[in-house]
Amino acid sequence: MDYRALMEAAIQARENSYSPYSDYRVGAALLSDTGKVFRGCNVENAAFSPGICAERTAFVKAVSEGEHRFQAIAIVGGAGAGDLELTAPCGLCRQVMMEFCDPKAFEIVLGTSTEDYQVFTLEELLPLGFGPKNLRKQDVL
Ligand code: THU
């Protein structure tokens, strides 16, 4: 797994963050099982609730392009023009990951540079998660 390249893609994705309300800029890079990288940024809205996180932007892009299984996601965030700070995915994003990823195998890369990152499994960040397997006895995707 080329974590460094995935971190670099997340850092680039953050450049497109549309976050005039929070001024918290987030980028994500999602690696599919087929080896494609989908980038996402947070996209906020004047009505607030339509805003979407960088991670879910990346998932929605990928799934709408026909990708259903994923290996890893890198996430970077930080306020405005300041330094990157460790940014962990929100609960909604963890649940979306649960829909499309194996909790024991999917890797979540959190860091502040291409040299400084930590890798977690989805299971570590979402213990006892509820997913498709709870509703159906076989994989649906
Ligand atoms: N945000 C993300 O995009 N991903 C995260 O992991 C945490 C939060 C966004 C949502 C909102 O646009 C801004 O950061 C502040 O919460």
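Use the structure listed above.
Residues numbered from 1 in each chain as written. Predicted model: local features only at pLDDT ≥ 70, side-chain atom pairs only at ≥ 80, totals over all residues. Heavy atoms only, no water.

K.L.:
How should I be thinking about the environment of lysine 133 in this particular structure?
P.N.:
With respect to the element layout, lysine 133 can be found in helix α5 (residues 132-135). When its relative accessible area of 56% is taken as the criterion, lysine 133 is described as exposed. Through-space distance from the C-alpha of lysine 133 to that of tyrosine 3 is 28 Å; in sequence the pair is 130 residues apart. (Helix = DSSP H or I, 4+ residues; strand = E, 2+ residues; numbered from the N terminus. Buried < 20%, exposed > 50% of the residue type's maximum accessible area, 1.4 Å probe, protein only.)

K.L.:
Got a minute to help me understand the pattern of salt bridges in this structure?
P.N.:
If the charged atoms of two oppositely charged side chains come close together, the side chains can form a pair. Inspection of every chain in the model, using the stated rule, returns 3 salt bridges. A salt bridge links glutamate 123 to lysine 104; the shortest N-O distance between them is 2.9 Å. One end of the pair, glutamate 123, is in helix α4 (residues 122-125); the other, lysine 104, is in the loop between α3 (91-100) and β4 (107-111), with 19 residues separating them in the sequence. Taking relative accessible area as the criterion, glutamate 123 reaches 36% and is therefore assigned partly exposed. (Salt bridge = Lys/Arg side-chain N within 4 Å of Asp/Glu carboxyl O.)

K.L.:
Is there a simple way to explain the packing of helix α2 (residues 54-64) against α3 in this structure?
P.N.:
Angle between the axes and distance between the axes are the two parameters that describe a pair of packed helices. At their nearest, the axes of α2 and α3 sit 9 Å apart, and the two run at 25° to each other. Viewed along their axes, α2 and α3 adopt a mutual orientation that is roughly parallel. Here α2 and α3 pass one another in a crossing that is left-handed. In this structure, α2 uses Glu55, Arg56, Phe59 and Val63 to contact α3, whose residues at the interface are Leu92, Cys93, Val96, Met97 and Phe100. Taken together, the residues of the contact of α2 with α3 break down into 7 nonpolar, no polar and 2 charged. (Axes fitted to C-alpha atoms, helices over the stretch in contact; angles between N-to-C directions. Parallel < 35°, antiparallel > 145°, perpendicular 65-115°, else oblique. Left-handed = near helix turned anticlockwise from the far one by under 90°. Contact = heavy atoms within 4.5 Å. Nonpolar A, V, L, I, M, F, W, Y, C, P; charged D, E, K, R; others polar.)

K.L.:
Which parts of the structure should I look at to understand helix α1 (residues 3-14)?
P.N.:
Each full turn of the α-helix corresponds to 3.6 residues, which orients residues three or four apart in the same direction. For α1, with 12 residues, the first-to-last C-alpha span of 17 Å sits near the 16 Å given by 1.5 Å per residue. Those residues of α1 not exposed but buried are Tyr3, Leu6, Met7, Ala9, Ala10, Ala13 and Arg14. The arc enclosing the buried residues of α1, seen along the axis, measures out at 160°, which places them on a common side. Of the surrounding elements, those touching the buried residues of α1 are β1 (24-32), β2 (37-41), β3 (70-79), β4 and β5 (117-121). (Expected span 1.5 Å × (residues − 1). Arc of directions from axis to C-beta.)

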